Amino acid sequence: SPAACPQSDCITPALRSDLPTTTGVMAGNGFTCALASDGSVRCFGDNSYGELGHAAGSSGDQGSTNLEAGLGVYNPTPTAASATSVASLVGGGNQATCALLGSGAAECWGQVTSAGSSTPVTVAGLPVMMALGSYDSALVCGFAAADGSIWCWTIGSPTVPAKLQPAAIDAGPG
């Protein structure tokens, strides 16, 4: 996004002094979210599908919500996502974020529906999770707290439709 990359330099790291004390960070395709020590989430960058955790075109977003018109919607300022009580963050999909809540539940927002959702969607059918991770920009997996079983689900990307339907994965003999 143009405002997030002064002088078109998106390679050189820049210090962000406009974030609270941060305990975790995740980067998606053109956006970043930071986990604050109080369990809140602040995101900045591309918000075309609600991946910043607020409705595209609101909270100071710039650009056009008409994706055919160009760059889409972006916000250079870290803004609060609607997820709360977050224990850890993981990028899932090109334009989505998933969070492990303190309760062990998982929520995702952004390109988790065809139109996108700025409101966190609970991943139903999961046991209590203790960790999440992502793979190949469209798959999110987690470890169940009770037995260490692995559960995975897909998040939307340009080539993979979102399907927040977790399935247990057979990891084979231990």
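Up top you'll find the structure we're talking about.
Analysis parameters
Residues numbered from 1 in each chain as written. Predicted model: local features only at pLDDT ≥ 70, side-chain atom pairs only at ≥ 80, totals over all residues. Heavy atoms only, no water. Buried < 20%, exposed > 50% of the residue type's maximum accessible area, 1.4 Å probe, protein only. Helix = DSSP H or I, 4+ residues; strand = E, 2+ residues; numbered from the N terminus. Pairing = 2+ DSSP bridges. Contact = heavy atoms within 4.5 Å. Polar contact = N/O pair within 3.5 Å; in protein donor to acceptor, adjacent residues only side chain to side chain. Core = buried A, V, L, I, M, F, W, Y, C linked by side-chain atoms within 4.5 Å. Disulfide = S-S within 2.5 Å.

(A) Looking closely at the pairing of strand β11 (residues 139-144). Judged by which residues are buried, β11 turns out to be one-sided: Val140, Gly142 and Ala144 face inward and are buried, whereas Leu139, Cys141 and Phe143, on the alternate face, are not. Of the pairings in the sheet, the one linking strand β10 (residues 129-135) to β11 comprises six bridges and is antiparallel in character. Its bridge partner lying in β11, tyrosine 135 is registered against leucine 139. Summarising the sheet, β11 and strand β12 (residues 150-154) pair through five bridges and their orientation is antiparallel. Its bridge partner lying in β12, valine 140 is registered against tryptophan 153.

(B) Here's a closer look at the sheet that holds strand β4 (residues 62-63). Reading across from one edge, β1-β2-β3-β5-β4 is the order of the five strands in this open sheet, with antiparallel pairing throughout. On the outer flanks of this sheet lie β1 (22-27) and β4, each paired with one strand and no other. Taken together, the five bridges between strand β2 (residues 31-36) and strand β3 (residues 41-46) define a ladder with antiparallel strand orientation. Note that in β3 the partner of phenylalanine 31 across the bridge is glycine 45.

(C) Representation of the environment of alanine 27 within the structure. Tracing the backbone shows alanine 27 in strand β1. Judged by its relative accessible area of 60%, alanine 27 falls in the exposed class. Each C-alpha atom of the pair alanine 27 and valine 90 lies 8.2 Å from the other, and the pair is 63 residues apart in sequence.

(D) Here's a closer look at the environment of asparagine 47. Here asparagine 47 lies in the loop between β3 and β4. Taking the C-alpha atoms as reference, asparagine 47 lies 8.0 Å from glycine 110; in sequence the two are 63 residues apart. Apart from residues no more than four positions distant in its own chain, asparagine 47 is found in contact with Leu52, Gly53, His54, Ala55, Ala56, Asp61, Val73 and Tyr74. Engagement of the side chain of asparagine 47 in a polar contact is seen with the backbone oxygen of histidine 54, the distance being 3.2 Å.

(E) A look at the nonpolar core. If you look at the biggest cluster of nonpolar residues, it comprises 17 residues, and the most contacted ones within it are Cys108, Trp153 and Ile155. Looking at this core, the element that brings in the most residues is strand β7 (residues 96-101), giving three residues. Within the second largest apolar cluster, 14 residues are counted, among which are Phe31, Leu52, Ala81 and Ala83.

(F) Local environment of the state of the cysteines. Taken as a whole and assessed by the stated rule, the structure comprises three disulfides. Note that cysteine 33 is cross-linked by a disulfide to cysteine 43, the S-S spacing being 2.1 Å. Taking the torsion about the S-S bond as the criterion, the cysteine 33 to cysteine 43 disulfide, at about 110 degrees, is right-handed. Highlighted residues: cysteine 33 in strand β2 and cysteine 43 in strand β3, separated in sequence by 10 residues. With a relative accessible area of 0%, cysteine 33 lands in the buried category. Between the sulfur of cysteine 141 and that of cysteine 152 lies a disulfide, 2.0 Å long from S to S. When the S-S torsion is 105 degrees, as for the bridge of cysteine 141 with cysteine 152, the disulfide is right-handed. Taken together, the positions of cysteine 141 in strand β11 and cysteine 152 in strand β12 put the pair 11 residues apart, joining distant regions of the chain.

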